[in-house]
Amino acid sequence: GEGTETIPRLAEFINSVEKYGDTKEGVLRALKDAGEVTVNFSRSAPITKALDGWTLYLNAAVQGLDKFGRTVKSAPLKTLGRSAALITVPYAALMVYNWDNPHYQDLNDRTKQNYFLIPNWMGEKDSQGNAMTFIKLPINREYGALLGSSLDVLYGYMNGEENPLNGYGETIINNFAPPFPLTDNILD
C-alpha cells in the first residue's frame with residue numbers, strides 16, 4: 001500500500017520542482033503538492049488526533065472525507081469525469097460480466113459494493129465454466145460508494161432483484177462516516 005502512495009507523490013514532486021524551480025520555495029511548494037496527491041495522513045486537527053487513539057483510523061477517514069470534499073469542490077466536472085473513467089466504467093463492466101455467475105451472486109453485498117471483482121480464471125471453475133473465486137481489488141471509499149455501489153443497486157433494480165437496496169445504506173454509512181466502535185452493529 002505504501003508504494004501506491006509513494007509513486008504518485010514522487011511523480012508530483014518531480015513535476016512540481018520542474019514547474020516551480022529548484023529553489024527553497026519551489027521545493028517546499030513541491031512537497032506540499034506531493035502531499036496532496038493522495039490523502040495526506042499527516043494532516044490532523046487536535047480533536048481527531050486525540051480521538052484517533054480510541055477509534056482506529058479516525059484521522060484517516062476524516063482526511064479522506066476532507067480530500068474528497070476539496071477535490072469535488074475545486075474541480076467537480078474533472079473529478080466526475082476521472083471517477084467515471086476509473087471507477088464507474090470498470091465496475092459496470094465487471095458487474096455485468098459477473099451478474100449471471102452464481103458464485104458472484106453468492107457474495108455478500110458489502111463485498112460486491114466495495115471491490116472490483118475480477119473472475120479468477122486460474123482457480124476452480126464450476127461445471128458451466130464459471131469462475132468460483134474472484135480477485136478482489138478495493139474501490140476508493142467515497143467515489144466507490146457513490147459511483148460503484150449505486151450501479152449495483154440500479155442494475156439489481158433493472159434485473160428485478162427482490163431487494164436491490166440490500167446493504168447499500170450500510171455501504172454508504174461505512175464509506176462516508178468516520179469509523180466508530182459501534183459501526184458494525186449500527187444497522188443490526
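Computed from a predicted model, the values in this text were never measured in an experiment. (Residues numbered from 1 in each chain as written. Predicted model: local features only at pLDDT ≥ 70, side-chain atom pairs only at ≥ 80, totals over all residues. Heavy atoms only, no water.)

K.L.:
Teacher, can you tell me more about the overall build of the chain here?
P.N.:
Of the regular secondary structure elements, the chain holds 9 helices and 2 strands. Overall, the chain shows an N-to-C arrangement of helices and strands of α-α-α-α-α-α-α-β-β-α-α. The contacts of the chain with a sequence gap of at least 6 include a subset with a gap of at least 24, amounting to 56%. For the chain, the accessible surface area stands at approximately 12100 Å², while carbon and sulfur atoms represent 61% of it. If the 17 positive side-chain charges of the chain are averaged to one point and the 22 negative ones to another, these points end up 11 Å apart. (Helix = DSSP H or I, 4+ residues; strand = E, 2+ residues; numbered from the N terminus. Contact = heavy atoms within 4.5 Å. Areas by Shrake-Rupley, 256 points an atom, 1.4 Å probe, with all protein chains shown as cover. Lys, Arg positive; Asp, Glu negative; His and termini not counted. Charge placed at Lys NZ, Arg CZ, Asp CG, Glu CD.)

K.L.:
Help me out: how do you make sense of the packing of aromatic side chains in this one?
P.N.:
To describe a pair of aromatic rings, one takes the distance between the centres and the angle between the planes. One pass over the structure, following the stated rule, counts 6 aromatic pairs. With a centroid separation of 6.5 Å and 80 degrees between ring planes, the pair formed by Y97 and W121 is classed as edge-to-face. Of the two residues, Y97 is situated in helix 5 (residues 76-98) and W121 in the loop between strand 1 (115-119) and strand 2 (134-138); the sequence distance between them amounts to 24 residues. For Y97, a relative accessible area of 53% gives the class exposed. Owing to a relative accessible area of 36%, W121 belongs among the partly exposed residues under this scheme. Among the aromatic side chains, those forming a connected cluster through ring pairs are W99, Y104, F134 and Y155. (Phe/Tyr/Trp six-rings, centres within 6.5 Å; stacked < 30°, edge-to-face > 60°. Buried < 20%, exposed > 50% of the residue type's maximum accessible area, 1.4 Å probe, protein only.)

K.L.:
Explanation requested: the pattern of salt bridges in the structure shown.
P.N.:
This model, assessed by the stated rule, comprises 1 salt bridge. Of the charged contacts in the structure, one is a salt bridge between D66 and R70, with a shortest N-O distance of 2.8 Å. Here the residue D66 and the residue R70 both occupy positions in helix 4 (residues 58-74), the gap between them amounting to 4 residues, near one helical turn. Judged by relative accessible area, which is 28%, D66 ranks as partly exposed. (Salt bridge = Lys/Arg side-chain N within 4 Å of Asp/Glu carboxyl O.)

K.L.:
What's the story with the side chain of T88 in this structure? I'm lost.
P.N.:
Secondary-structure assignment places T88 in helix 5. On the accessibility criterion, T88 (18% relative accessible area) is buried. Discounting residues that sit within four places of it in the chain, T88 has contacts with S83, L147 and L151.

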